[in-house]
Amino acid sequence: MPRNLYEGNILKNIGLFSVPFLIANFLQTLYGMADLFIIGQFTDAAGITAVAVGSQVMHFVTVILIGLTMGTTVLMGQAVGASRHRSLSRILGNTSVIFTAVAVLFTAILLAAAPQVVSLLSTPSEAVSGTTRYLVVCFLGIPFITAYNVIAASFRGLGDTKSPMYFVTASCVVNIGLDFLFVGPLHMGPEGAALATVLSQLFCVVITLAAIKLKKVRFEIPLSCSDLRLNKAIFWSLVKIGLPVACQEGFIQVSFLFITLIANSRGLEIAAAVGVVEKIICFLFLVPSAMLSSVSAISAQCIGAERYDRARKTLYSGIGIAAGFGLICGILFQFVSEPVLALFTDDAQVITYGTQYLHAYVFDCMVAGIHFCFSGYFCACGLSIVSFIHNAVSIVTLRVPGAYLASVWYPDTLFPMGIATLSGSFLSAVICAVVYLVLEYRRKPR
């Protein structure tokens, strides 16, 4: 049976859900870095650039797919909370049909557009061929990426994040082993790294399905042919929740690309500093991301069970954890930024610029943690469009314009650019708080 997350200690439920999710995300982040590290041991700068650019594209595709699957997590969570277990089969069946079409469509479009994608990213001429080959192989593996994310979203909807963590761990080990084999002794270069990634993703899907078939994990959702028929209500609910989240994630990635372009225009040292800081922030943001998924999945079950008080307390607890973690990181990095940056580079200018940027930007982990939790709550309520709107508004009005103006007005420091990024998250948090208060006011009995 699905795990009941709408009863018991709230902090314990968040911990049981978020810690395995956090570990799985951490491993997936290492997953991409392993390709880059190993290719750097056996090839030249062109090979490193090819994998770096290609993995950036694949990260963009993956976050879009994860966003789309949010609808599955929320609908399943609501069904579990309402004890509508028969609905789980219909939700999974409709999800399977929809994402089969999505996988085929994404694969066909991206394979056809691979050369244009490489050109659009201004890939250095020496790395164009390797980047194209890397992407073509990875694009062929999109069906496996899609299948895994659908399965993982279903597990999360059932309240289980441990099983996906185990499967990702096994996949990560396989990926690293195949990387060394294909890139090292077989000298396959960037396409070898891509092939290792695709095969490890296939392995992940196979062992997941095998574990379900052999009942090694609790995934008791029987499927029949009738469940594979599209249900209009379920279809539109999946789209209504998942599409805005996917658009939001895409918008965020595009904003990061614009900020990278702004940094690149300011010189090599500043570009390198921004690049290194983004990697550090990427790791710190694993905690707010885990809180977003925890709040959305647990609140969905609470709302399905009509335990709105529990959903609100889950939101408050998630905000407390995410904001508290962000505040600790913000204070800590005022003292350890330089030594942390020195782990990535020994260039004094890069470290100086990076320290300036990180001193301001790191507090985004605290503020973003707040609006991440609100976004998870809104998704649980079926209002994921709010998450898209507040992110779009903050990106268009403050984050990107602010970064550009900071680069023009303060050409000798990156601290104002970090403030501009932070201000975007602050605006998002304010919008979320206002929307939440309006929802609570409307929910009160008259």
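The structure displayed is predicted, hence computed values, not measured ones. (Residues numbered from 1 in each chain as written. Predicted model: local features only at pLDDT ≥ 70, side-chain atom pairs only at ≥ 80, totals over all residues. Heavy atoms only, no water.)

Details of the overall build of the chain
Inference 1: For the chain, the helix and strand inventory stands at 16 helices and 0 strands.
Inference 2: A globule of 446 residues ought to have a C-alpha radius of gyration of about 22 Å, and the chain, at 22 Å, matches this closely.
Inference 3: Per-residue burial over the chain gives 53% buried out of 446 residues.
Inference 4: Long-range contacts, defined as pairs at least 24 residues apart, comprise 84% of the intrachain contacts of the chain with a sequence gap of at least 6.
Inference 5: Of the roughly 19300 Å² of accessible surface on the chain, 71% is carried by carbon and sulfur atoms. (Helix = DSSP H or I, 4+ residues; strand = E, 2+ residues; numbered from the N terminus. Rg over C-alpha atoms; globule rule 2.2 N^0.38 Å. Buried < 20%, exposed > 50% of the residue type's maximum accessible area, 1.4 Å probe, protein only. Contact = heavy atoms within 4.5 Å. Areas by Shrake-Rupley, 256 points an atom, 1.4 Å probe, with all protein chains shown as cover.)

Examining the packing of aromatic side chains
Inference 1: By the definition in use, this model includes 9 aromatic pairs.
Inference 2: Ring centres of Y316 and Y436 lie 6.2 Å apart, and the angle between their planes is 85 degrees; this geometry places the pair in the edge-to-face category. One end of the pair, Y316, is in helix 12 (residues 308-342); the other, Y436, is in helix 16 (residues 415-443), and 120 residues separate them in sequence.
Inference 3: For Y316, a relative accessible area of 44% puts it in the partly exposed group. (Phe/Tyr/Trp six-rings, centres within 6.5 Å; stacked < 30°, edge-to-face > 60°.)

Things to note about a nonpolar patch on the surface
Inference 1: Judged by side-chain polarity, Y404, L405, V408, W409 and Y410 come together as a nonpolar surface patch covering roughly 550 Å² of accessible area.
Inference 2: Residue classification places Y410 among the partly exposed positions, given a relative accessible area of 43%. (Patch = residues over 30% accessible without salt bridge, like charges linked within 9 Å, V, L, I, M, F, W, Y side chains within 5 Å. Salt bridge = Lys/Arg side-chain N within 4 Å of Asp/Glu carboxyl O.)

Regarding the packing of helix 12 against helix 13 (residues 348-361)
Inference 1: Between helix 12 and helix 13, the least distance of the axes is 9 Å, while the angle of their chain directions is 145 degrees. Seen along the crossing, helix 12 lies across helix 13 with a hand that is right-handed. Of the residues in helix 13, those touching helix 12 at F333, Q334, S337, E338, L341 and A342 are I351, G354, T355, L358 and H359.
Inference 2: Residues belonging to the contact of helix 12 with helix 13 are distributed by class as follows: 5 nonpolar, 5 polar and 1 charged. (Axes fitted to C-alpha atoms, helices over the stretch in contact; angles between N-to-C directions. Left-handed = near helix turned anticlockwise from the far one by under 90°. Nonpolar A, V, L, I, M, F, W, Y, C, P; charged D, E, K, R; others polar.)

Things to note about the pattern of salt bridges
Inference 1: A full pass over the atoms with the stated rule returns 4 salt bridges.
Inference 2: The partner of R133 in a salt bridge is E191, with the nearest N and O atoms 2.9 Å apart. Taken together, the residues R133 in helix 5 (residues 128-140) and E191 in helix 8 (residues 189-213) connect sequence positions 58 residues apart.
Inference 3: The partly exposed category is assigned to R133, whose relative accessible area is 34%.
Inference 4: For E191, a relative accessible area of 22% puts it in the partly exposed group.
Inference 5: One salt bridge in this structure joins R307 and D309, with 3.8 Å as the shortest N-O distance.
Inference 6: Overall, R307 belongs to the partly exposed group, its relative accessible area being 29%.
Inference 7: Judged by its relative accessible area of 32%, D309 falls in the partly exposed class.

Comments concerning the confidence of the model for the chain
Inference 1: Taken as a whole, the chain shows an average pLDDT of 83; of its residues, 91% reach a score of 70 or greater.
Inference 2: Averaged pLDDT values for the elements of the chain fall to 75 in helix 1 (residues 10-42) and rise to 92 in helix 12. (pLDDT = per-residue confidence, 0-100.)

So, unusual backbone geometry
Inference 1: Backbone geometry at E306 places phi at a positive 60 degrees, although glycine is not the residue there.
Inference 2: One can find E306 in the loop between helix 11 (286-304) and helix 12.

What about the environment of I328?
Inference 1: With respect to the helices and strands, I328 occurs in helix 12.
Inference 2: Counting along the chain gives 38 residues from I328 to M366, while the straight-line C-alpha distance between them is 8.5 Å.

A word on the side chain of S394
Inference 1: Within the secondary structure, S394 is located in helix 15 (residues 384-409).
Inference 2: Relative accessible area serves as the criterion here: at 1%, S394 is assigned to the buried category.
Inference 3: Residues contacting S394, with those up to four places away along its chain left out, are R399, G424, L427 and S428.

Examining helix 14 (residues 364-380)
Inference 1: An ideal rise of 1.5 Å per residue puts 24 Å on 17 residues; helix 14 measures up with 24 Å between its terminal C-alpha atoms.
Inference 2: Counting buried positions along helix 14 yields 15 of 17 residues, so the element is predominantly enclosed.
Inference 3: Positioned one or two residues after helix 14, G382 has a phi angle of 80 degrees, which is positive. (Expected span 1.5 Å × (residues − 1).)

Quick word on the environment of A368
Inference 1: Locating A368 in the fold gives a position in helix 14.
Inference 2: For the pair formed by A368 and I319, sequence separation is 49 residues and the distance between their alpha carbons is 9.8 Å.
Inference 3: In this view, A368 contacts F285 and S425; residues no more than four positions away in its chain are not counted.

Overview of the state of the cysteines
Inference 1: Enumeration over the complete set of coordinates arrives at 0 disulfides.
Inference 2: Here C302 stays unpaired: no disulfide links it, and the sulfur of C381, its closest cysteine neighbor, is 11 Å away. (Disulfide = S-S within 2.5 Å.)

So, helix 5
Side chains three or four residues apart in an α-helix point the same way, a direct result of the helix having 3.6 residues per turn.
Inference 1: For helix 5, which comprises 13 residues, the first-to-last C-alpha distance of 18 Å matches the rise-based estimate of 18 Å (1.5 Å per residue) to within 8%.
Inference 2: Regarding helix 5, the residues found buried are G130, T131, T132, Y134, L135, V137, C138 and F139.

Overview of the packing of helix 3 (residues 70-81) against helix 11
Inference 1: At a minimum axis distance of 6 Å, the contact between helix 3 and helix 11 shows a crossing angle of 35 degrees. When you trace helix 3 past helix 11, the crossing you get is right-handed. Together, M70, T73, V74, G77, Q78, V80 and G81 of helix 3 and L292, S296, A297, A300, Q301 and G304 of helix 11 make up the contact between the two elements.
Inference 2: The class makeup of the residues in the contact of helix 3 with helix 11 is 6 nonpolar, 7 polar and no charged.

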